[in-house]
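Commentary on secondary and tertiary structure
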Amino acid sequence: SLKKLNFKRCICEQAVYTRGTGRTTVILGVYVDDLIVTGEDSEEINRFKQQMTSEFEMSDLGHLSFYLGIEVEQKKEYLTIKQSGYAKKVLTQFGMSDCNSTKYPMEPSLKLHNDKNGEQIDATNYRKMIGCLRYLLHTRPDLAYSVGVASRFMEAPTVLHLKAVKQIFRYLKGTINLGLVYVQEGKQETLTGYTDSDLAADVVERKSTGGLAFYLNDSLISWCSQKQKTVALSSCESEFMAATAAAKQALWLRNLLAELTGNVQRVVTLYVDNNSAIALMKNPVFHGRSKHIDVRYHFIRECVEHGQVAVCKVCTDVQRADALTKALPACKL
């Protein structure tokens, strides 16, 4: 039906459709039977609504304010998204609605392990807690690392792991109204990324945790905190693998942005805080630290060579992906 209305499905994101060019572009997001429509031209949006209501039984709910548990507040200069209502529901569900709040989601010095001799707890309930927390990550990147670490122990959780999860709930209680802000800047879109890693942070498998964060101008649009699949032998190697994962995400975002805006694809700047890793990305003859690294991780070199990604040095103190790779004290969050 959307194709009959001259909509074109995005190659990079199958649930997004576009119609028109320039100011008349209409962008449509589809999730089962829920639709989000946006664009600069209100007349084009109204025309689309009329076309849809003539063929289907549909309800026009007006300006977007709530979608799949996400609360949206639209102002003239900016909009915010958060999940305060859902967070309150989760706290009540697990008996944490009256808990004392804390300033950080995970103790900076905490190193979770298997705790094989610890007291076992109900694994099903633990998994429910993790599942609810993971859904909050749609608007709470500050929870990504701590929830990711707690997720690693769902097979046989103990009291130690439950305490770590309750710490996250206590932090959530004190920051329940936090979310993301998107400012209308009125300038050409610039995509920048930050990537970081924490060497051998996982004490069980000695694997590193990689993090990435992408900004469209000054607005955070994509982030990830994930344990790497391969054991790194140095911080250089760990950062190199994290940057490769970020490069793949950068290309996807770059292509999606070009489809949505119709503008020419631009180079994505990727900020890394490790000089050795940057040298490895730019110099294919840098064999000393790279000859043992899996070939798939050298993908970022091709991205740099082809001018799709530009790698730049950033000071660790302003590395925005830092909170996605380790538990930070309250002053750094």
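Model, not experiment: these values are computed from the prediction. (Residues numbered from 1 in each chain as written. Predicted model: local features only at pLDDT ≥ 70, side-chain atom pairs only at ≥ 80, totals over all residues. Heavy atoms only, no water.)

**Topic: the nonpolar core**
Let me state the cut-off plainly: As used here, the term nonpolar core means buried Ala, Val, Leu, Ile, Met, Phe, Trp, Tyr and Cys residues forming a set that is joined through side-chain atoms within 4.5 Å. Each residue is assigned to one of three classes by its accessible area relative to the maximum for its type, calculated with a 1.4 Å probe on protein chains only: buried under 20%, partly exposed between the two thresholds, exposed over 50%. Secondary structure counts use DSSP, requiring at least four H or I residues in a row for a helix and at least two E residues in a row for a strand, with both numbered from the N terminus. When checking whether two residues touch, look at their non-hydrogen atoms; a contact exists if any pair is within 4.5 Å.
In terms of nonpolar packing, the biggest core is built from 31 residues, with Leu133, Leu136, Leu143, Val165, Phe169 and Leu172 touching the most fellow members. Elements represented by at least two residues in this core include exactly α2 (84-93), α3 (123-136), α4 (144-150) and α5 (159-174). If one sorts the elements of this core by residue count, α5 sits on top with 7 residues. Every residue in contact with Leu172, bar those within four places of it in the chain, is listed here: Ala87, Leu91, Leu136, Arg140 and Leu143.

**A word on α2**
Defined as follows: As used here, the arc is the angular range of directions from the helix axis to the C-beta atoms.
Burial in α2 covers these residues: Ser84, Tyr86, Ala87, Val90 and Leu91. Taken around the axis of α2, the buried residues stretch over an arc of 160 degrees, which confines them to a single face. Among the exposed residues of α2, those pointing more than 90 degrees away from its buried face are Lys89 and Thr92. The secondary structure elements touched by the buried residues of α2 are β6 (70-74), β7 (78-82), α3 and α5. Phi turns positive one or two residues past the end of α2, at Gly95, with a value near 65 degrees.

**Observations concerning the sheet that holds β7**
Test applied: Note on pairing: two strands pair once DSSP finds at least 2 bridges between them.
Pairing within the open sheet is antiparallel, and its 4 strands lie in the order β5-β6-β7-β8. Lying at the two open borders of the sheet, with one neighbouring strand each, are β5 (66-67) and β8 (179-183). Pairing of β5 with β6 involves 2 bridges; the strand directions are antiparallel. Each bridged residue has a counterpart across the sheet, and for Phe66 the counterpart in β6 is Glu71.

These results come straight from atomic positions and should not be treated as a statement about function.
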